[in-house]
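An overview of the molecular structure
Below are the chains, spelled out letter by letter.
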Amino acid sequence: MKKYLLFVTTLLVAGCGINPDEHNRVVAQRDSLETVVSQLKVKIDELENGEQRMAGKIETLISDQNYIEALKQIDVLKEKHPGSPSVVNFNSRIASLKQKADAQQAAIDKHVRDSIRMANLNNLGIWKINYFVDKFNEPTKEGYITSTKPIYGTFSNTATQDSDLRVEFIIASKKSVAFQLYEYNRNNPVKGYDDEYNVYVQDKNGKRYELRAHNYSSDRLTMSTYNTLGGKTHAAVLHDILMQGGNIKFRVVDRDRSSTQYNFEIKNADWYDNAYYKLTGTYPND
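Source: prediction; values computed, not measured. (Residues numbered from 1 in each chain as written. Predicted model: local features only at pLDDT ≥ 70, side-chain atom pairs only at ≥ 80, totals over all residues. Heavy atoms only, no water.)

Take the overall build of the chain next. Helix and strand content of the chain: seven helices and twelve strands. Looking at the chain as a whole, 33% of its 286 residues qualify as buried. Approximately 18,000 Å² of the chain is accessible, and the part contributed by carbon and sulfur atoms is 52%. (Helix = DSSP H or I, 4+ residues; strand = E, 2+ residues; numbered from the N terminus. Buried < 20%, exposed > 50% of the residue type's maximum accessible area, 1.4 Å probe, protein only. Areas by Shrake-Rupley, 256 points an atom, 1.4 Å probe, with all protein chains shown as cover.)

This next bit is on the environment of Arg186. Tracing the backbone shows Arg186 in the loop between β5 (176-183) and β6 (195-202). Between the alpha carbons of Arg186 and Leu165 there is a distance of 8.4 Å; along the sequence they are 21 residues apart.

To continue, consider the packing of helix α6 (residues 234-244) against helix α7 (residues 272-280). At a minimum axis separation of 7 Å, α6 and α7 run at an interaxial angle of 120 degrees. Each of His239, Leu242 and Met243 in α6 lies in contact with α7, whose residues at this interface are Tyr272, Asp273 and Tyr276. Residue classes in the contact of α6 with α7 are distributed as four nonpolar, one polar and one charged. (Axes fitted to C-alpha atoms, helices over the stretch in contact; angles between N-to-C directions. Contact = heavy atoms within 4.5 Å. Nonpolar A, V, L, I, M, F, W, Y, C, P; charged D, E, K, R; others polar.)

Next up on the list: α7. Inspection of α7 places Tyr272, Asp273, Asn274, Ala275 and Tyr276 among the buried residues, and these make up the whole buried set. Those residues of α7 that are buried lie in contact with α5 (94-119), β1 (127-133), β2 (139-147), β4 (163-173) and α6. Just downstream of α7 lies Gly281, where phi reads positive at about 80 degrees.

Phi angles above zero are rare outside glycine, and Asn137 is one such case at about 65 degrees. When you line up the elements, Asn137 lands in the loop between β1 and β2. Looking at Asn137, the relative accessible area reads 57%, which means it is exposed.

Here the focus is a nonpolar patch on the surface. A cluster of nonpolar residues, Ile108, Val112 and Ile116, forms a patch on the protein surface that exposes about 240 Å² of accessible area. Among the secondary structure elements, Ile108 is positioned in helix α5. For Ile108, a relative accessible area of 38% puts it in the partly exposed group. (Patch = residues over 30% accessible without salt bridge, like charges linked within 9 Å, V, L, I, M, F, W, Y side chains within 5 Å. Salt bridge = Lys/Arg side-chain N within 4 Å of Asp/Glu carboxyl O.)

Residue position: Ser86 is located in helix α4 (residues 85-91). Of note is the side chain of Ser86, whose polar atom sits 2.6 Å from the side chain of Glu51. Beyond its immediate chain neighbours, meaning those up to four positions away, Ser86 contacts Glu51, Ala55 and Leu77. (Polar contact = N/O pair within 3.5 Å; in protein donor to acceptor, adjacent residues only side chain to side chain.)

Here we come to the pattern of salt bridges. Counted under the stated rule, the structure contains eight salt bridges. For Arg255, the salt bridge is made with Glu196, and the minimal N-O distance between the two is 3.4 Å. Of the two residues, Arg255 is situated in the loop between β11 (248-254) and β12 (261-266) and Glu196 in strand β6; the sequence distance between them amounts to 59 residues. Close ionic contact of Asp240 with Lys232 constitutes a salt bridge, the shortest N to O distance being 2.4 Å. Residue classification places Lys232 among the partly exposed positions, given a relative accessible area of 41%. Salt bridges sharing partners connect three or more residues here, namely Asp195, Asp254 and Arg257.

Counted by the stated rule, this structure contains eleven aromatic pairs. Look at Phe155 and Tyr262: their rings are 6.1 Å apart centre to centre, the planes differ by 20 degrees, and that puts the pair in the stacked class. Of the two residues, Phe155 sits in strand β3 (residues 151-156) while Tyr262 sits in strand β12, which places them 107 residues apart along the sequence. For the pair formed by Phe155 and Tyr262, the shared burial category is buried. The rings of Trp127, Phe169, Phe179, Phe250, Phe264, Tyr272 and Tyr276 are connected pair by pair, giving a single aromatic cluster. (Phe/Tyr/Trp six-rings, centres within 6.5 Å; stacked < 30°, edge-to-face > 60°.)

The values reported here are purely geometric and, on their own, carry no functional implication.
Right, dumping it as structure tokens:
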């Protein structure tokens, strides 16, 4: 039957004066063009519907208050459909969405921090809580943070160079940050009468600070609560540096006698925040 139809078709084509090969070529071209047109229609439909689907997905994310993912999908939409009216619509709302996404990310970060803290609540790193004593050398209820082991460094002045130094911190709050300097690693800390010091600090990220401390008829250097840096007292700035943890370097210079210098570092201040929580019951940087 197929052979019969092919024979009839061939006769018809021949009767019309068209070469069968030419006919087949034209038919093939027509079929190819129809395929291309069909594919283009599908492509256009995919583009239009794809843009609409993406815009709908973004609106759903916003409705579900998933602002972080919504911003990511808006970036994808801009890349794939830069001329889309939906891009203009989302651009007009981008500032508000970013503000909400930042707040959402901050809440996520806090949750992660709190989870880590709860899992490591008893981990104080190098830190511990001690208590001040009264006139009878009995411990009071007033505590402070110090290190479990002494922090060592070196000191120099007109009489010596790079001699042994021991440092002990006494931190009762972010408003009361002090440390004692024991020259030659002896038992008596440096005492002052009206001395001021520049305290140069490098935090764990390499950022450097110039802070101020004083020693007024005392056996310790107390970070200044009178001067400010970026709106915070120098005591609070050092407290925040400790809260970051990591390696922290110090260089302390007597302002009246610049040859008198003290150099030391805390090799790992991690978990200071836990110690502060143990002392005060709060995480002040949250």
